[in-house]
Amino acid sequence: MLHFFPPGMLERYLLFAFLAVLGVLQLIAAHYRWVGFSLPGRQRWEWGYALGGGLLGSAYLWFFSRVQHLIFVPGLAGTELFTVFAASTLLALAATLTLVSLLHPSPALERQSGERAHFDPGEGTIQRPANSNQHPATVVVSDLPDGGFPISQLRDRLVRGGCVALSVDLARDGPVEYPEVLARLPAACAYLQDQPGVSHDGVVLIGAGVGGDLALRAASTDASVAGVAVIDPVPNPAATSLDLLRHSTLWEALRWGNLRRRLAEGLTPIEHRPHLRDRQVLLVAQRSGPTLPDEAVTAGAQVAVVDTHAEAIERVAEWVAELAATL
Amino acid sequence: MSLDIGLFRLINDLAGHNALFDSVARLFVNDYFVTTTLALLLLVLWFAPGAPARRRRHQRTFFETALSVFIANIVLKGINLLYFRPRPFMRLDVTLCFYKPSDSSWPSNPATFAFAFATAVYVKHHRIGAVMYGLATIFVLSRVYCGIHYPLDIVTGALLGSLTAAVVSRSSDCVNPIWDWLIGVGRRLYLA
């Protein structure tokens with residue numbers, strides 16, 4: 001099928017298209033902030049632009065200046081060009097996703113700056129302010145995979161703001177399915193309220209991604225919850241497949257993606273939204289996210305659209321402080 | 001036909017006088033530059049973020065574009081079997097900046113390909129589609145500038161490609177289940 005190619009052209013065009021696709025994928029990763037495609041790594045978007053632009057520019061420059069003697073001779077049929085381009089695209093995609101998975105594994109096991117907390121069912125990390133006053137209680141739930149949002153930074157910020165913070169990790173002590181997962185947050189809330197130095201005025205739940213779905217669902221049935229803050233909830237689990245590569249590598253997506261989808265499908269936080277009318281709700285959506293929450297999710301809630309994780313953390317911490325002052 | 005040759009003369013006579021123009025034309029006229037760039041733009045469309053329905057529409061466009069190009073190519077081959085128009089350099093004294101293709105001049109194969117591509121995308125995504133139309137236009141004009149196509153060849157090719165893409169896009173309801181199945185496979189691999 002490829003007999004029309006001038007000798008030497010097949011491998012040269014394959015290399016050209018491979019490098020060009022690799023460059024375009026890096027530009028896409030840098031522009032849309034996609035961890036799963038970013039060869040320079042998480043948050044190094046400027047390097048991504050430089051690498052992508054460099055690869056794309058070099059590929060074009062090399063091919064159209066050094067391979068001219070093969071370009072300006074008869075030979076190529078469109079079908080062949082398409083076949084070789086498709087092969088190069090698949091190779092570049094596979095190389096990018098594999099390399100990113102190997103070079104930048106998830107920072108899943110975040111540093112443990114607090115003490116381990118064991119409740120039934122579940123485990124977490126608890127952190128308290130230094131003084132012995134009564135402090136507002138907050139429970140923080142991570143996403144799956146948990147490298148997407150820096151939960152430990154949020155916990156640190158809440159503690160600096162005067163809260164006791166218990167983070168619940170959905171993945172650390174093994175996968176948990178729906179509906180068993182529903183028991184985790186009530187158990188965490190009960191554990192937290194039994195701790196010394198914790199105010200009994202109500203717990204504030206904060207969740208990221210599918211952890212946010214769980215927080216919304218738990219708040220709809222737990223009267224001890226005073227408010228819920230949700231960061232990038234999962235309103236449409238069936239549509240979030242590619243979006244998982246925004247904050248995780250392909251390896252992590254393959255490992256946790258199905259569980260995340262099953263949890264989001266089971267939790268259906270939108271359906272349970274009406275039960276939260278008397279509770280304070282904050283929805284934080286990242287502007288670069290897959291989709292902003294629609295009206296069904298935002299009804300009666302405060303909504304904040306932010307650009308960075310740091311901005312999201314600050315917005316949640318301010319909201320918790322305002323809420324705690326009213327309790 | 002004399003208008004066609006007149007227009008050809010008008011454009012082709014510009015060739016060979018300005019080294020910069022000739023270099024730019026040689027960059028665009030070849031079989032690789034524009035075609036590869038169009039394919040890369042289609043890749044960007046596949047990964048462009050957005051609400052689920054919008055993303056699905058973009059990803060369907062990916063397959064609709066491939067189908068449009070495929071059908072347009074079949075129609076073109078059929079026309080080529082029935083009618084052969086000699087290239088300008090076979091009949092006229094032209095300034096040639098490219099190799100001598102041996103297939104029929106009418107309708108233009110690159111014009112059919114590039115305009116099928118651009119129209120299929122433009123229907124669903126105006127911004128990327130407009131960039132593709134720009135590239136396609138420079139591509140086909142460079143074919144006349146370099147002496148390998150008459151203007152009528154490219155106009156007919158562009159119409160054939162655009163019409164095919166518009167028909168494919170209009171009748172997309174019939175094939176959407178196939179595209180959705182393929183997108184579903186991509187979703188299972190976290191690539192759609």
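Everything quoted here is computed from the prediction, not taken from an experiment.

K.L.:
For this particular structure, what's the right way to read the packing of aromatic side chains?
P.N.:
To describe a pair of aromatic rings, one takes the distance between the centres and the angle between the planes. Tallying each qualifying case throughout the model produces 29 aromatic pairs over all chains. Judged by centre distance (5.1 Å) and plane angle (80 degrees), the ring pair of Phe 16 of chain A and Tyr 60 of chain A falls under edge-to-face. Here Phe 16 of chain A, found in helix H1 (residues 9-32), pairs with Tyr 60 of chain A, found in helix H2 (residues 45-66); they are 44 residues apart in sequence, far enough to count as distant. The residues Phe 16 of chain A and Tyr 60 of chain A share a single accessibility class, namely buried. Between Phe 62 of chain B and Phe 63 of chain B the ring centres are 5.4 Å apart and the planes differ by 85 degrees, which places this aromatic pair in the edge-to-face class.

K.L.:
What exactly am I supposed to notice about the side chain of Thr 61 of chain B here?
P.N.:
Residues and elements named next belong to chain B. Among the secondary structure elements, Thr 61 is positioned in helix H4 (residues 52-82). Classification of Thr 61 by relative accessible area gives buried; the value is 0%. For Thr 61, the contacting residues outside a window of four places in its chain are Leu 45, Ala 120, Val 121 and Lys 124.

K.L.:
I keep staring at unusual backbone geometry and nothing clicks. Help me out?
P.N.:
In terms of backbone geometry, most residues other than glycine have negative phi values and most peptide bonds are trans. Following Asp 120 of chain A, the chain continues into Pro 121 of chain A via a peptide bond in cis, with omega recorded as 0 degrees. The topology assignment puts Pro 121 of chain A in the loop between strand E1 (115-118) and strand E2 (123-127). In this structure, Tyr 190 of chain B takes a positive phi of about 65 degrees despite not being glycine. Tracing the backbone shows Tyr 190 of chain B in the segment after helix H9 (172-188).

K.L.:
Quick question: what am I supposed to make of the pairing of strand E3 (residues 135-141) of chain A here?
P.N.:
Note on strand geometry: in a regular strand, side chains alternate between the two faces of the sheet. Residues and elements named next belong to chain A. Counting buried residues in E3 gives six out of seven residues, a clear majority hidden from the surface. Of the strand pairs in this sheet, E3 and strand E5 (residues 198-208) are connected by six bridges, and their pairing is parallel. Among the inter-strand pairings, Ala 137 is bridged to a residue of E5, identified as Val 203. Bridge count for E3 against strand E4 (residues 164-168) is five bridges, and the pairing is parallel. The residue of E4 that forms the bridge with Val 141 is Val 168.

K.L.:
Sorry, what's going on with the sheet that holds E1 of chain A here?
P.N.:
In sheet architecture, strand pairing relies on hydrogen bonds along the backbone and comes in two forms, parallel and antiparallel. All names here are of chain A. Taken in spatial order, the eight strands make up an open sheet running E1-E2-E4-E3-E5-E6-E7-E8, and their pairing is mixed. Each edge of the sheet is formed by a strand with only one pairing partner; in this case those strands are E1 and strand E8 (302-306). Strand-to-strand, the axes of this sheet are offset by a mean angle of 20 degrees, without reference to chain direction. Where helix H10 (residues 309-326) meets the sheet, its contacts fall on E3, E5, strand E6 (225-231), strand E7 (280-286) and E8, and the angle it forms with E7 comes to roughly 170 degrees.

K.L.:
Please explain the pattern of salt bridges as it appears in this structure.
P.N.:
Oppositely charged side chains can form a pair if their charged atoms are brought close together. The final tally for this structure, using the stated rule, is 15 salt bridges over all chains. In this structure, Arg 42 of chain A and Glu 252 of chain A form a salt bridge, with 3.6 Å as the shortest nitrogen-oxygen distance. Placement of Arg 42 of chain A in the loop between H1 and H2 and of Glu 252 of chain A in helix H8 (residues 250-267) is noted, with a sequence separation of 210 residues between them. Residue Asp 31 of chain B is joined to Arg 143 of chain B by a salt bridge in which the shortest nitrogen-to-oxygen separation is 3.7 Å. Note that Asp 31 of chain B is positioned in the loop between helix H2 (19-29) and helix H3 (33-47) and Arg 143 of chain B in helix H7 (residues 126-145), a separation of 112 residues in sequence. Accessibility classification places Asp 31 of chain B together with Arg 143 of chain B in one group, the buried group. Linked by salt bridges that have partners in common, Asp 4, Arg 85 and Asp 153 of chain B make up one network.

Conventions used here
Residues numbered from 1 in each chain as written. Chains lettered and ligands numbered in written order. Predicted model: local features only at pLDDT ≥ 70, side-chain atom pairs only at ≥ 80, totals over all residues. Heavy atoms only, no water. Phe/Tyr/Trp six-rings, centres within 6.5 Å; stacked < 30°, edge-to-face > 60°. Helix = DSSP H or I, 4+ residues; strand = E, 2+ residues; numbered from the N terminus. Buried < 20%, exposed > 50% of the residue type's maximum accessible area, 1.4 Å probe, protein only. Contact = heavy atoms within 4.5 Å. Pairing = 2+ DSSP bridges. Axes fitted to C-alpha atoms, helices over the stretch in contact; angles between N-to-C directions. Salt bridge = Lys/Arg side-chain N within 4 Å of Asp/Glu carboxyl O.

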